[in-house]
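# Chain and residue survey
Now for the letters of each chain:
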Amino acid sequence: SLCDWSSTGARPIERDRASKMHVQEELMPLTADELVQKSKEQRRLRQYEEALVSSIAAAESDHDNADAWWQIALNRLSLGDTRNAFPALERTVELAPHFSLGWARYGTTLLTVGNPDSAKKNFEIALEKDPRQEEALKALAGIYYRQNKDKDRTDEKELSILTQL
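Residues numbered from 1 in each chain as written. Predicted model: local features only at pLDDT ≥ 70, side-chain atom pairs only at ≥ 80, totals over all residues. Heavy atoms only, no water.

### Examining the overall build of the protein chain
Helix and strand counts for the protein chain come out as nine helices and zero strands. Ordered by position from N to C terminus, the α and β elements of the protein chain give α-α-α-α-α-α-α-α-α. When contacts within the protein chain are restricted to residue pairs at least 6 apart in sequence, long-range pairs at least 24 apart make up 42% of them. About 10500 Å² of surface is accessible on the protein chain, with carbon and sulfur atoms providing 50% of the total. (Helix = DSSP H or I, 4+ residues; strand = E, 2+ residues; numbered from the N terminus. Contact = heavy atoms within 4.5 Å. Areas by Shrake-Rupley, 256 points an atom, 1.4 Å probe, with all protein chains shown as cover.)

Pasting the structure below:
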């Protein structure tokens with residue numbers, strides 16, 4: 001037997017079932033998609049460190065899994081690790097260029113670290129992918145407001161963004 005079950009107090013049938021499950025887990029590692037699902041569940045439970053470990057394992061298992069990179073980014077942001085979220089955000093939008101929320105969150109993160117010009121570009125890409133992307137619309141409205149609060153006019157592009165809110 002792989003485990004010493006005598007100290008657990010488990011009945012023989014429970015020990016056999018638990019032993020089989022233990023062996024199955026060791027012999028059948030989780031797929032990248034299963035690890036992503038595990039990460040999502042851990043995030044739902046606010047277990048961000050564990051979720052980060054699961055999402056990193058998913059990305060190591062499948063380097064081209066955009067969901068894994070997205071989970072890495074979200075978990076790093078939840079843990080306050082903005083600097084290390086950037087490579088994951090970049091990889092997410094590289095693998096899933098149509099993912100408007102990925103572009104928007106990348107922009108929000110850039111805005112957080114004081115890079116409004118790059119953030120603005122990411123928000124604009126997000127809106128190219130989905131003209132109703134709320135995070136990008138709100139952020140661009142804020143950027144335009146700050147840029148134009150001392151000006152007498154607003155250009156058409158800015159008005160278009162503001163009217164969509």
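### Describing unusual backbone geometry
Despite not being glycine, Arg46 has its phi angle at roughly 60°, a positive value. Along the polypeptide, Arg46 turns up in the loop between helix H2 (32-44) and helix H3 (48-61). In this structure Arg46 comes out as exposed when scored by relative accessible area, which is 64%. (Buried < 20%, exposed > 50% of the residue type's maximum accessible area, 1.4 Å probe, protein only.)

### Focus on the confidence of the model for the protein chain
In this model, the protein chain carries a mean pLDDT of 85, and residues with pLDDT of at least 70 account for 73%. Predicted confidence in the protein chain is weakest over helix H1 (residues 12-27), with a mean pLDDT of 54, and strongest over helix H4 (residues 66-78), with 98. Overall, residues 1-10 carries pLDDT values under 50, and its contacts beyond four positions in sequence, including any with other chains, amount to seven contacts. (pLDDT = per-residue confidence, 0-100.)

### Looking at helix H5 (residues 82-95)
The terminal C-alpha atoms of H5 lie 20 Å apart, and with 14 residues this matches the ideal 20 Å at 1.5 Å per residue to within 8%. Buried within H5 we find Thr82, Ala85, Phe86, Ala88, Leu89, Arg91, Thr92 and Val93. (Expected span 1.5 Å × (residues − 1).)

### Focus: the packing of H2 against H3
Working note: a packed helix pair is described by the angle between its axes plus the distance between those axes. As a packed pair, H2 and H3 sit with axes 8 Å apart at the nearest point and diverge in direction by 165°. Relative to H3, H2 is oriented roughly antiparallel. At the point where H2 passes H3, the crossing takes the left-handed sense. Facing H2, whose interface residues are Ala32, Leu35, Val36, Lys38, Ser39, Gln42 and Arg43, H3 presents Tyr48, Glu50, Ala51, Ser54, Ser55, Ala57, Ala58 and Ser61. Residue composition of the contact of H2 with H3, grouped by class: seven nonpolar, five polar and three charged. (Axes fitted to C-alpha atoms, helices over the stretch in contact; angles between N-to-C directions. Parallel < 35°, antiparallel > 145°, perpendicular 65-115°, else oblique. Left-handed = near helix turned anticlockwise from the far one by under 90°. Nonpolar A, V, L, I, M, F, W, Y, C, P; charged D, E, K, R; others polar.)

### Here we look at the pattern of salt bridges
Taken as a whole, this structure holds six salt bridges when the rule is applied. Glu94 is paired through a salt bridge with Arg91; the nearest N and O atoms lie 2.6 Å apart. Of this pair, Glu94 and Arg91 both sit in helix H5, three residues apart, which is roughly one turn of that helix. Classification of Glu94 as exposed rests on a relative accessible area of 51%. Arg91 sits in the buried class, given a relative accessible area of 18%. In this structure, a network of salt bridges that share partners links the residues Asp64, Arg91 and Glu94. (Salt bridge = Lys/Arg side-chain N within 4 Å of Asp/Glu carboxyl O.)

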